[in-house]
Amino acid sequence: MTTFRFEVLKETLNRKPVEVSETVKRSEMFGCNVFSEKAMRQYLTKEAYNGVLSAIKVGAKIDRKIADQVASLMKEWAMSKGVTHYTHWFQPLTGGTAEKHDSFFEPIGEGMAIEKFGGSELVQQEPDASSFPNGGIRNTFEARGYTAWDPTSPAFILGTTLCIPTIFVSYTGEALDNKTPLLRALQAVDKHATAVAKYFDKNVTKVNASLGWEQEYFLIDKALASARPDIVMTGRTLLGHAPAKGQQLDDHYFGSIPGRALNFMRELEQECMKLGIPVKTRHNEVAPNQFELAPIYEEANLAVDHNSLLMDLMGKVASKHNFKVLLHEKPFAGINGSGKHNNWSLSTDTGVNLLSPGRTPMRNLQFLTFFINTIKALKEYEELMRAGIASASNDHRLGANEAPPAILSIFIGAQLTEVLKELEEVTNGKLSPEEKTDLKLNVVGKIPEILLDNTDRNRTSPFAFTGNKFEFRAVGSLANCAIPMTVLNSVVAKQLKDFKIEVDALIEEKDLKKDEAIFNVLREYIKDSKHILFEGNGYSAEWEIEAAKRGLSNNKTTPVALKADVAPKTIALYEELEVMNKVEIEARHEIKLEEYTMRIQIEARVLGDIALNHVVPTALNYQNVLIENVSGLKEVFEEEFRTIAKDQMDLIRKISVHTSAISQNVHEMIEERKKANILDNAEETAMAYCDKVKPYFDIIRYHCDKLELMVDDEMWPLVKYREMLFTR
Ligand code: ADP
Ligand code: MG
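Residues numbered from 1 in each chain as written. Chains lettered and ligands numbered in written order. Predicted model: local features only at pLDDT ≥ 70, side-chain atom pairs only at ≥ 80, totals over all residues. Heavy atoms only, no water.

As recorded by an unreviewed UniProt entry, the protein chain carries the name Glutamine synthetase III and is attributed to Namhaeicola litoreus. In the Sequence similarities (unreviewed entry) part of its UniProt record, the protein chain is described as follows: "Belongs to the glutamine synthetase family." (UniProt positions renumbered as here; feature names shortened; annotations may be inferred.)

In structure tokens:
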């Protein structure tokens, strides 16, 4: 066993960066494997092109004849690039992506065959996907689910397969995936944001949500990772002593990127370019061997697809470069974890970012309207936002002194805090001409066009305004962005809907002018939402106490946080906006709970196995070496040996203390698992795994890590932290 660790270490030390050629300009590569507008214009007839375009732009239905044309020409385009298969590409509730490849090849009798891809294959498929989680939906209603083309996200080529982004729904229409609710939430926010944007500009007919994610990850040598059963099975280390040098020196952050990692990034970026993922930024992160990749922001649905695709690509490219990518939120204890900031904004089809201040008081009033409504939306649904980022792995990060806490607060910066204070003083009802002028000149008029520099200082906030967008920082690195984006866009849609009703009522019933009515409603929102605004250190212990006083939730674990997903207020919200119905909401809740349980269960099994079958036997072997040494000393020195062998004898004793503690705790943990497994609903089981099983992890780990420090390095079977983190 020991030799295995040293063998992989040797393999690692001999690695050279894998060569990557860069002969084609990135700009030329961009989108070459995407059936983009450019490719469509080249391949499609005018009729087909217009059909797809109006499906993309205004959600028009595509008729059968057009679908046939599009499919056939899409196939022609794909075949010109060596494609042989196609697949409906979808995002089942496992959080990942799924594909099932079919060949274009079709026999036509008499030993002949053609390549065929018709409209019906493009538009709808029935994958035999019965083992994806569905929370009982398909059992209760219909056994089958089908995938349906989402023309708003363009088809692309992966390898020799044409991938068609699709939604995945049951025959009775319930969503079985993460994309369907997202699309519905985006429709809702479009509808209600457009209605509000029309107060300021009648020409607005559509509002798009934008998303720019920042993906953090670790790169570990493939051989080292494969020698750690915990990384292989759970994506994180379940034990391992902290290295002498961690990230204290901060010498990795923004430092020069190590050669092997850089070549991995270059190849990954090239693959992204071909798929039209506009990656732009790469750098080292805080922890050793931790990195970040960020694209230019895009329309939210496309950005979500691109992030899912990226996570998939990362694994493939990493393998070529002898790396394993760790997307887990907390792969190493005591070392910073990884997140995925979701930068979000709303923009109109007239080209205006609704969360960006402007040059005129009117533009700024529009900005304040969307800004304050977003704050109010979060205040109303803070627990739902927390639920939207809940997962077993993200629980390690939220509130771990390095990542935003599980408390959802909003940071807006000193300047905007001032502005809100002044707006709170706006007169109730009609405003005098003096007050209007004052607001125009001194409050709204004073908001600078560019806020960027003074708003991006606080990195401890889970939800921060950063100049022209909000940045949701508590999202986990492993998350499918569709989930937090569905929540955020839904709550903002609902808020804007209510806002419009209130403003219109003041205009009609109280005879207020439009801007007076807007000021009046915003004033009340500010008063009502103030307690969610927090400018201080979100990582501090004082904030937890203060937040509790303010009545903010602090749902530290996933099973508790997920309760908000099925709260009556949530069901009402989603049903009102037609994002999800009660059946879909409850099914998802159950799936998330089951997933939580499964993850903790797997970790518990793996930890028990490593502790009992790797750590304890190694420690006992070493103890035997010590015992032999002590008996030898006794023979040689007789009386004196007690002094001479004192350290060894202490160590023998300590090793026994730790090995028996490990055995006892592993067995107790197994008993708790047995009890949890027979509970009769998903929530109770998840709670039991969280409160009864998981606490053993730290105890078992503590004893294993102590043994790691005692046992002869040559005998230790598991690759150590310093080896994983500092081998490049
Ligand atoms: P950070 O300082 O957090 O690294 P950056 O300025 O690098 O932030 O931007 C991070 C992400 O925010 C990028 O993906 C960028 O494209 C995105 N972004 C910039 N402007 C917007 C916007 N208006 N809406 C959504 N995302 C945006
Ligand atoms: Mg950021």
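That shown, we press on.
## Remarks on the overall build of the protein chain
Across its full length, the protein chain holds 28 helices and 17 strands. Relative to the compact-globule value of 27 Å for 728 residues, the protein chain shows a C-alpha radius of gyration of 29 Å, a close match. Seen along its three principal axes, the alpha-carbon backbone of the protein chain occupies a region of about 105 × 80 × 55 Å. Taking all 728 residues of the protein chain together, the buried fraction comes to 56%. A fraction of 76% describes how many contacts in the protein chain between residues 6 or more apart in sequence connect residues 24 or more apart. When the accessible area of the protein chain is evaluated, it comes to approximately 30,900 Å², of which 53% is carbon and sulfur surface. Across the protein chain, the mean location of the 88 positive side-chain charges is 3 Å away from that of the 103 negative side-chain charges. (Helix = DSSP H or I, 4+ residues; strand = E, 2+ residues; numbered from the N terminus. Rg over C-alpha atoms; globule rule 2.2 N^0.38 Å. Buried < 20%, exposed > 50% of the residue type's maximum accessible area, 1.4 Å probe, protein only. Contact = heavy atoms within 4.5 Å. Areas by Shrake-Rupley, 256 points an atom, 1.4 Å probe, with all protein chains shown as cover. Lys, Arg positive; Asp, Glu negative; His and termini not counted. Charge placed at Lys NZ, Arg CZ, Asp CG, Glu CD.)

## Some details on the pattern of salt bridges
With the rule as written, the count across this model stands at 54 salt bridges. Here Arg-5 makes a salt bridge to Asp-713, at a shortest N to O gap of 2.9 Å. With Arg-5 in helix H1 (residues 2-13) and Asp-713 in the loop between helix H27 (695-710) and helix H28 (721-726), this pair connects stretches of sequence that are 708 residues apart. With its nearest N and O atoms 2.8 Å apart, the salt bridge here joins Lys-500 to Asp-504. Of this pair, Lys-500 and Asp-504 both sit in helix H18 (residues 482-509), 4 residues apart, roughly one helical turn. Asp-504 sits in the partly exposed class, given a relative accessible area of 22%. Each of Arg-5, Asp-713, Lys-720, Arg-722 and Glu-723 takes part in a single network of salt bridges with overlapping partners. (Salt bridge = Lys/Arg side-chain N within 4 Å of Asp/Glu carboxyl O.)

## Brief notes about the site of ligand 1
Close contacts around ligand 1 come from 14 residues, with Glu-214, Pro-295, Tyr-297, Asn-343 and Ser-345 the closest. Pro-295 places a main-chain nitrogen or oxygen 2.6 Å from an oxygen atom of ligand 1. At a separation of 3.2 Å, an oxygen atom of ligand 1 approaches a polar side-chain atom of Arg-459. Against a free-state accessible area of 570 Å², the protein chains account for coverage of 76% of ligand 1. Put simply, the parts of the chain that give the shell around ligand 1 at least two residues each are strand E9 (207-221) and strand E14 (340-348). (Near = heavy atom within 4 Å. Polar contact = N/O pair within 3.5 Å; in protein donor to acceptor, adjacent residues only side chain to side chain.)

## Some remarks on the nonpolar core
Residues Tyr-217, Phe-264, Leu-346, Leu-368, Phe-371 and Leu-423 are the most contacted members of the largest nonpolar core, which totals 120 residues. Two domains each donate at least three residues to this core, and these are domain 1 (31-177) and domain 2 (187-580). (Core = buried A, V, L, I, M, F, W, Y, C linked by side-chain atoms within 4.5 Å. Domains from an automatic or database assignment.)

## Comments concerning helix H11 (residues 259-274)
When the terminal C-alpha atoms of H11 are compared, their 23 Å separation across 16 residues agrees well with the 22 Å that a helix rising 1.5 Å per residue should span. Packing partners of the buried residues in H11 comprise helix H2 (26-29), E9, strand E10 (279-284), strand E11 (290-295), helix H12 (300-320) and strand E13 (323-326). Of the residues one or two after H11, Gly-276 is the one with positive phi, at around 75 degrees. (Expected span 1.5 Å × (residues − 1).)

## Structural notes on the packing of helix H26 (residues 682-693) against H27
Axis separation between H26 and H27 bottoms out at 5 Å; the angle between their running directions is 35 degrees. For the pair H26 and H27, contact is made by Cys-690, Asp-691, Lys-692 and Val-693 and by Pro-695, Tyr-696 and Phe-697, respectively. In the contact of H26 with H27, the residues fall into 5 nonpolar, no polar and 2 charged. (Axes fitted to C-alpha atoms, helices over the stretch in contact; angles between N-to-C directions. Nonpolar A, V, L, I, M, F, W, Y, C, P; charged D, E, K, R; others polar.)

## Details of the side chain of Asp-221
Secondary-structure assignment places Asp-221 in strand E9. Side-chain polar atoms of Asp-221 contact the backbone nitrogen of Ala-223, separated by 2.9 Å. Excluding residues that lie within four positions of it along the chain, Asp-221 makes contacts with Thr-12, Arg-15, Arg-260, Asn-322, Phe-323 and Lys-324.

## Overview of the coordination of the magnesium ion (ligand 2)
For the magnesium ion (ligand 2), the full set of protein donor atoms is Glu-214 (OE), Glu-214 (OE), His-341 (ND1) and Glu-471 (OE), and the range of their distances to it is 2.0 to 2.6 Å. Going along the chain, you hit the donors of the magnesium ion (ligand 2) in the pattern E-x126-H-x129-E. Of the two residues, Glu-214 is situated in strand E9 and His-341 in strand E14; the sequence distance between them amounts to 127 residues. Here the two residues Glu-214 and His-341 agree in accessibility, since each one is buried. (Donors = N, O, S within 2.8 Å, 3.2 Å for Na, K, Ca; no water.)

## Here's the deal with the packing of aromatic side chains
Taken as a whole, this structure holds 22 aromatic pairs when the rule is applied. Relative to Phe-470, the ring of Phe-465 lies with its centre 5.1 Å away and its plane at 65 degrees, an arrangement referred to as edge-to-face. We classify Phe-465 as buried; its relative accessible area is 0%. Through a chain of ring-to-ring contacts, the aromatic side chains of Phe-367, Phe-371, Phe-463, Phe-465, Phe-470 and Phe-472 assemble into a single cluster. The side chain of Arg-260 reaches across the aromatic face of Phe-323, ending 4.3 Å from its centre. The cationic tip of Lys-569 hangs over the ring face of Tyr-381; the distance from NZ or CZ to the ring centre is 4.8 Å. (Phe/Tyr/Trp six-rings, centres within 6.5 Å; stacked < 30°, edge-to-face > 60°. Lys NZ or Arg CZ within 6 Å of the ring centre and 35° of its normal.)

## Regarding the packing of helix H23 (residues 582-637) against H27
Look at H23 against H27: their axes get within 10 Å of each other, and the N-to-C directions meet at 30 degrees. When the axes of H23 and H27 are compared, the pair comes out roughly parallel. Crossing angle aside, the handedness with which H23 passes H27 is left-handed. Where H23 approaches H27, its residues Ile-600, Glu-603, Ala-604, Leu-607, Ala-611, Val-615, Ala-619 and Tyr-622 are matched on the opposing element by Phe-697, Ile-700, Cys-704, Leu-707 and Met-710. Split into classes, the residues belonging to the contact of H23 with H27 amount to 12 nonpolar, no polar and 1 charged. (Parallel < 35°, antiparallel > 145°, perpendicular 65-115°, else oblique. Left-handed = near helix turned anticlockwise from the far one by under 90°.)

## Focus on the pairing of E14
The buried fraction of E14 is high, at 8 of 9 residues. Bridge count for E9 against E14 is 9 bridges, and the pairing is antiparallel. Across the sheet, Leu-211 pairs through a bridge with Trp-344, a residue of E14. Examined bridge by bridge, E14 and strand E17 (residues 470-472) share 3 bridges and lie antiparallel to one another. Each bridged residue has a counterpart across the sheet, and for Asn-343 the counterpart in E17 is Glu-471. (Pairing = 2+ DSSP bridges.)

## Considering a nonpolar patch on the surface
Together, Val-232, Met-233, Met-598 and Ile-602 make up an exposed nonpolar region whose accessible area comes to about 370 Å². Those elements that provide at least two residues to the nonpolar patch are helix H10 (229-234) and H23. Within the element layout of this structure, Ile-602 appears in helix H23. Judged by its relative accessible area of 33%, Ile-602 is partly exposed. (Patch = residues over 30% accessible without salt bridge, like charges linked within 9 Å, V, L, I, M, F, W, Y side chains within 5 Å.)

## A look at the environment of Pro-278
Considering the arrangement of structural elements, one finds Pro-278 in the loop between H11 and E10. Spatially, the C-alpha atoms of Pro-278 and Asn-677 are 45 Å apart, while their sequence positions differ by 399 residues. When near neighbours in sequence (up to four residues on either side) are disregarded, Pro-278 contacts Phe-30, Met-273, Pro-295, Ile-296, Glu-298 and His-306.

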